[in-house]
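Structure at a glance
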Amino acid sequence: MKYVRPRGYTTTAVVGLAAAGMVALVLIPRALADDVDVQIKGIGNPLESNVRKSLSVAGDHKQPWSPDQIQRLFRLAPKEIKQALQPYGYFNPEINERLKQPSGNSKTWHARFNIKHGPATKITRLNIDVEGPGDQLEAIQSALHSTELKKGKRLIESQYSDTKSALYNAAYNAGYLDAKFSKSAIRVNPKTDTAEIDLVLDTGERYYFGPVTFDQDLLNDKFVHRYVPFTPGQPYDAEQLINLQLALSDTDYFSQIEINAPRDKATRAPAMNQWFYDLIYPPQDPLQSIGELRIPVTVKAKPSKGQSYKISAGYGTDTGPRLGLGVKFRHLNQYGHQFRTDLRISQIQRTLQSSYDIPIGDVTQDKLSFTATISNQDFGDITSTLYGVGVTRDTGWQLGRQRAYIKLEREYYNLGYGSRNSTLLYPGYNITLQKADNLLFTHKGVSLSLDVRGASDKLLSSTNFIEGDFSAHAVVPVTAKTRIVMRTELGAIETDNFNEVPPSQRFFAGGDRSVRGYAYQSISPTNSKNQDVGGRYLATGSVEGDWFFYKKFGVAAFFDAGDVTDSLGNFSFKRGVGIGFRWGSPVGMVRLDLAHPLDDSSTPVRIHFSLGPDL
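About the cut-offs
- Residues numbered from 1 in each chain as written.
- Predicted model: local features only at pLDDT ≥ 70, side-chain atom pairs only at ≥ 80, totals over all residues.
- Heavy atoms only, no water.
- Pairing = 2+ DSSP bridges.
- Helix = DSSP H or I, 4+ residues; strand = E, 2+ residues; numbered from the N terminus.
- Axes fitted to C-alpha atoms, helices over the stretch in contact; angles between N-to-C directions.
- pLDDT = per-residue confidence, 0-100.
- Contact = heavy atoms within 4.5 Å.
- Salt bridge = Lys/Arg side-chain N within 4 Å of Asp/Glu carboxyl O.
- Buried < 20%, exposed > 50% of the residue type's maximum accessible area, 1.4 Å probe, protein only.

The next subject is the sheet that holds strand 1 (residues 36–41). Strand order in the open sheet formed by three strands is 1-3-2, and the pairing between neighbours is mixed. Strands at the two margins of the open sheet, each flanked by one partner only, are strand 1 and strand 2 (94–100). Each adjacent strand pair in this sheet contributes to an overall mean axis angle of 15°, direction not counted. Summarising the sheet, strand 1 and strand 3 (residues 109–116) pair through six bridges and their orientation is parallel. Each bridged residue has a counterpart across the sheet, and for Val 38 the counterpart in strand 3 is Ala 111.

See the structure below:
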């Protein structure tokens with residue numbers, strides 16, 4: 001073939017045009033490459049959401065796409081849409097797709113999908129069953145009957161998966177560790193929009209806990225076995241092993257804990273004296289007559305350090321700067337006895353407290369503590385030095401703790417009448433309830449506490465009294481970023497001579513966690529010298545609204561009210577309002593408040609700073 005050069009074009013011009021064309025081929029894709037706007041019509045959620053997640057052409061991309069890439073991904077869309085609809089029982093959708101290139105200066109492509117999901121695939125045959133020795137177990141039967149799969153209903157793949165998981169988990173958690181599905185299939189006929197399901201679980205034989213062996217030389221073997229939440233012969237449950245791990249970790253006796261329960265080490269425990277009984281009442285499960293498969297449990301534990309030390313420091317507008325020092329002796333003997341002592345120093349209080357703790361009863365949560373305390377307080381118009389010893393039975397319960405105690409205290413104090421002293425021997429009972437989604441940064445929760453105590457002059461005490469103190473805190477969510485915090489405290493003292501009740505047993509109000517806008521414990525009845533001396537009856541309350549505008553940083557507005565009086569009919573509530581800043585720190589809520597007392601003109605604004613949990 002002979003090439004003829006067109007008229008009017010020189011060789012230089014032809015070369016220039018060719019070069020320009022090559023440059024254009026390189027530059028045009030880059031100029032057009034950018035984003036893809038994907039619109040889906042004809043179906044609603046959750047179908048639309050799943051389709052969009054499945055579309056490659058709607059995927060995120062850090063680098064610009066070329067036109068070729070966009071067109072190639074667009075061609076994949078029909079197949080991806082069909083696959084995205086199948087889990088919801090739609091196997092014959094109608095799909096109309098259109099791809100529009102950018103126009104003008106735009107760099108955005110437009111992909112349009114109009115989808116009709118088509119007829120639903122109905123379940124025409126459903127075979128869900130459980131076979132094996134555990135087929136009648138209540139948990140397995142419950143999982144079997146709670147399935148959402150029904151004959152005649154639309155096939156939804158997630159319901160099949162949920163049913164399969166529920167059956168297997170029920171069997172495994174009950175000790176049927178060899179459970180497996182002998183049949184597990186969904187057969188779909190797209191031509192008739194029908195589906196057949198076979199799901200049959202074979203439980204296999206049940207496993208049981210065998211003997212528990214501890215590999216440690218710190219604690220008495222019988223004592224450490226009291227932490228085991230199960231006994232040999234109980235059905236195997238992996239959660240119980242986790243409970244054992246947590247129980248041992250909470251003791252702080254050990255630094256490392258390793259629990260092994262190898263299934264391949266299971267041995268069959270022979271059924272003793274069973275053969276004659278089996279002749280009269282043959283077992284439904286033939287394996288019952290040859291003994292149980294028991295898995296041995298081995299616990300390896302490395303002792304923790306013999307002593308632990310604690311140093312803390314902080315600041316609060318009630319207490320001023322404060323310092324805490326503590327030491328704990330973890331390994332006093334083989335029966336888990338421990339000794340701890342703590343020194344706390346602040347501007348208003350100096351306290352040295354020691355406790356000798358003995359695990360008793362349910363050793364995971366019960367203990368008997370012998371305590372000794374020396375405390376010196378100096379706040380407002382009151383000075384007090386207290387020496388005390390006591391015994392406390394501390395017991396955990398499902399929602400909190402309960403403490404029964406008896407204390408002997410000698411207190412030297414000054415209430416404005418000169419130096420005085422008192423001796424009290426009194427029993428008491430305290431119960432607390434606490435439940436929260438997060439104890440350090442609470443969005444929803446509640447806590448309640450009730451303490452009742454009393455003394456008699458016929459039992460070594462200087463006076464007679466019965467005292468009760470109730471407090472409640474609640475955090476109520478409003479939105480994801482807002483909450484309402486409420487608290488109240490009520491207290492009362494019944495006595496025939498209130499003048500003999502020492503300041504450690506009297507009620508005061510005011511301060512960071514009481515009525516803000518008033519100084520710490522400044523709300524109180526006064527004596528003839530106008531000095532705060534504490535009262536018989538206490539009532540305080542607070543309502544606060546918090547808005548966390550950025551992560552755990554927020555602002556607050558609050559209203560507090562409270563009073564302390566010597567007569568139930570003589571309450572004159574002191575009120576405070578204000579705003580504050582909140583930060584959910586790793587160690588608790590940080591609060592910085594500006595409070596205005598509505599019933600005290602001497603201090604227009606008081607700053608309050610505190611740190612700690614809301615409940």
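On to the confidence of the model for the protein chain. This prediction gives the protein chain a mean pLDDT of 90; 91% of its residues lie at or above 70. In the predicted structure, residues 1–33 sits below a pLDDT of 50 and forms 13 contacts with residues beyond four places in sequence or in another chain.

Following the criterion strictly, the structure yields 31 salt bridges and no others. Arg 453 is paired through a salt bridge with Asp 451; the nearest N and O atoms lie 2.5 Å apart. The pair Arg 453 / Asp 451 is uniform in exposure class, with both members buried. For the salt bridge of Arg 516 with Asp 593, the shortest nitrogen-to-oxygen distance reads 3.1 Å. Pair noted here: Arg 516 is in the loop between strand 21 (482–495) and strand 22 (537–550) and Asp 593 is in strand 25 (residues 588–597), with a separation of 77 residues, a long-range link. The exposure classification of Arg 516 matches that of Asp 593, with both residues buried. By sharing partners, the salt bridges in this structure join Arg 487, Arg 516, Glu 544, Asp 560, Arg 582 and Asp 593 into a single network.

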